[in-house]
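Take a look at the letters that make up each chain.
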Amino acid sequence: MGKEPLLQKVRIQEDIESDKKTRVNGGDDDGPITFVLLLTTLTALWGTFSYGTAAGFTSPAQTGMMEGLNLSLAEFSFFGSVLTIGGLVGAALSGRFADLFGRRGALWVSNSFCMAGWLMIAFSQATWSLDIGRFLLGVASGVTSYVVPVYIVEIAPKRIRGAFSAVSMLVMCASMAFSFLVGSVISWQNLALFSTVPCVLEFAGLFFIPESPRWLSRNGRVKESEVALQRLRGNSTDITKEAAEIKKYMENLQESKEDGFLELFKPRYSRAVIVGIGLLVLQQLGGLSGYTFYMSSIFNKAGFPNNVGVTIATVVQATMSVFGLIIVDKFGRRPLLMVLADFKSLLLNGCDGHDVFGVIHHRAVVFVSGVFSYALLENYTSISTLIGVLVFLTSMTIGMGGIPWVIVSEMTPMNIKGSSGTLCNITSWSSNWFVSYTFNFLFQWSSSGVFFLYSTISGMGILFVMKMVPETRGRSLEEIQADVAR
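Fair warning: this is a prediction, and the values are worked out from it, not measured in the lab. (Residues numbered from 1 in each chain as written. Predicted model: local features only at pLDDT ≥ 70, side-chain atom pairs only at ≥ 80, totals over all residues. Heavy atoms only, no water.)

Colleague: Where do I start with the overall build of the chain in this structure?
Modeller: When its secondary structure is counted, the chain shows 24 helices and two strands. Within the structure as shown, the chain displays about 19,800 Å² of accessible surface, and the carbon and sulfur contribution to it stands at 66%. (Helix = DSSP H or I, 4+ residues; strand = E, 2+ residues; numbered from the N terminus. Areas by Shrake-Rupley, 256 points an atom, 1.4 Å probe, with all protein chains shown as cover.)

This is the structure in structure tokens:
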């Protein structure tokens, strides 16, 4: 038992050194951006869009639902919170679904839950059917929040893997804006019906996209894996090297079929698990859910027009998402979880994020936004409220908003991806629930202190990122995962 992992590491490391030599000699072109790759990514992202519309549904629908169905505040609050309960269930099932049915198969499952949930809400006349529909949306969201980033990471060429993965943050912004804007001019029933459109588009697209080549290879379907990889890279692309690298890595993993939950606690997997859980906890406990779910309350408390504030925040977040797409594969993951002490140096640094001098964790910017928020709500300054929220959303969108799931998907070895993904997803949804549940209590306790608390927690991530998080830009998944497991 002791020799097998060692031999496995030696073999994988030999492949890594060969790959590094190839890259040094200029052989790092891993194929063009093909139509099939774009279609596969877009189809997967319709699931993310559905998640965003579910999260944003309650804000525009609250008044109409409470008046039309005579719901009490407690009943509507429960309806809203059921999404998180369903999300926890979906998170617990996500890894097993992805391993058992494949990435594409898991999206079929989540799509079914999502469609059923929206239709139940749209035609509901009672609270119990509303809650069941919302619960089904939560299950779909819990599965999607794990499967989509894993799927995209496994199909995208390494040189653009970060940008393709970061699109999910832009899609989330667009979907929540869709719910807010469309829901402000139509009834909540029609909004629920409109929200089935992404489900229909995803359902149609799933017929035409390939399964993840890495999942196929992991399950011994090597020929199908090569066919899927060829479709993704294009018929004119030589996939021999990439296919051989995937096959070799999976063969080494097959020697020790370690996919049980207890395997996560073995020393060689500890870094991947700790980094995954740590980043997702920092993402949520830094106040992400508090800002997202209760932005209206924040603006109202400071006397800033709610509709104007939410609209500006949505536009800024969408703009920063596009900016993040441009730079995530140029500067790398670590530098985007960190910023320069001198911001000008970052802009003038060139294309290699490793040359950055004097970096600090990007969440220090969030600390600044927390100080803004502290000052704004201590003095009830509406403009400083807007500034604080926008600074927070900017730093979150470019950094901790989307990158943690990219890193989790890249770092986790295939043979523990199901178990580790489930654990990380449950951690994320549990932290999400904790922040969303406690925000109002903390906000009543101290409208300024709650943001100072979030900023302090965010600042604690400085040492964690610098000590634990590796750079993954421009490296194959097999190389990343072998290095992490050493």
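Colleague: When you look at the nonpolar core in this model, what are you seeing that I'm missing?
Modeller: Soluble, globular proteins show a tendency: their nonpolar side chains are buried together. The biggest cluster of nonpolar side chains holds 36 residues, and the ones touching the most others in it are Leu279, Phe439 and Phe451. Excluding its chain neighbours within four sequence positions, the residues that come into contact with phenylalanine 439 are Gly290, Tyr294, Ile298, Val450, Phe451 and Tyr454. Among the nonpolar cores identified, the runner-up in size contains 28 residues, and Leu37, Leu107, Val171 and Leu280 belong to it. (Core = buried A, V, L, I, M, F, W, Y, C linked by side-chain atoms within 4.5 Å. Buried < 20%, exposed > 50% of the residue type's maximum accessible area, 1.4 Å probe, protein only. Contact = heavy atoms within 4.5 Å.)

Colleague: Can you walk me through the pattern of salt bridges in this structure?
Modeller: A side chain of one charge can pair with a side chain of the opposite charge when the charged atoms of the two come close. Under the counting rule described, the total for this entry stands at five salt bridges. A salt bridge links arginine 103 to glutamate 154; its shortest N-O distance comes to 2.9 Å. Of this pair, arginine 103 sits in helix H4 (residues 73-122) while glutamate 154 sits in helix H5 (residues 127-155); the two residues are 51 residues apart in sequence, bridging distant segments of the chain. Residue classification places glutamate 154 among the buried positions, given a relative accessible area of 0%. The partner of glutamate 242 in a salt bridge is arginine 233, and the shortest N-O contact between them spans 2.9 Å. (Salt bridge = Lys/Arg side-chain N within 4 Å of Asp/Glu carboxyl O.)

Colleague: Sorry if this is basic, but what is going on with the environment of leucine 453 here?
Modeller: Within the secondary structure, leucine 453 is located in helix H22 (residues 449-459). C-alpha of leucine 453 to C-alpha of glycine 286: the two residues are 167 residues apart in sequence and 8.4 Å apart in space.

Colleague: Help me understand helix H24 (residues 477-484) in this model?
Modeller: Each α-helix turn comprises 3.6 residues. Residues three or four places apart therefore point the same way. Within H24, eight of the eight residues are buried, leaving the element largely enclosed by the surrounding structure. For H24, the set of buried residues is Leu477, Glu478, Glu479, Ile480, Gln481, Ala482, Asp483 and Val484.

Colleague: Would you mind going over H4 with me for this structure?
Modeller: Helix length check: H4, at 50 residues, gives a terminal C-alpha distance of 20 Å against a target of 74 Å (1.5 Å per residue), a shortfall beyond 12%. Maximum bend of H4: about 115 degrees, positioned at phenylalanine 101. (Expected span 1.5 Å × (residues − 1). Bend = angle between axes of the 7 residues up to and from the residue.)

Colleague: Quick question: what am I supposed to make of the environment of glycine 309 here?
Modeller: In this fold, glycine 309 is placed in helix H15 (residues 306-331). As a C-alpha pair, glycine 309 and threonine 385 span 76 residues in sequence and 9.4 Å in three-dimensional space.

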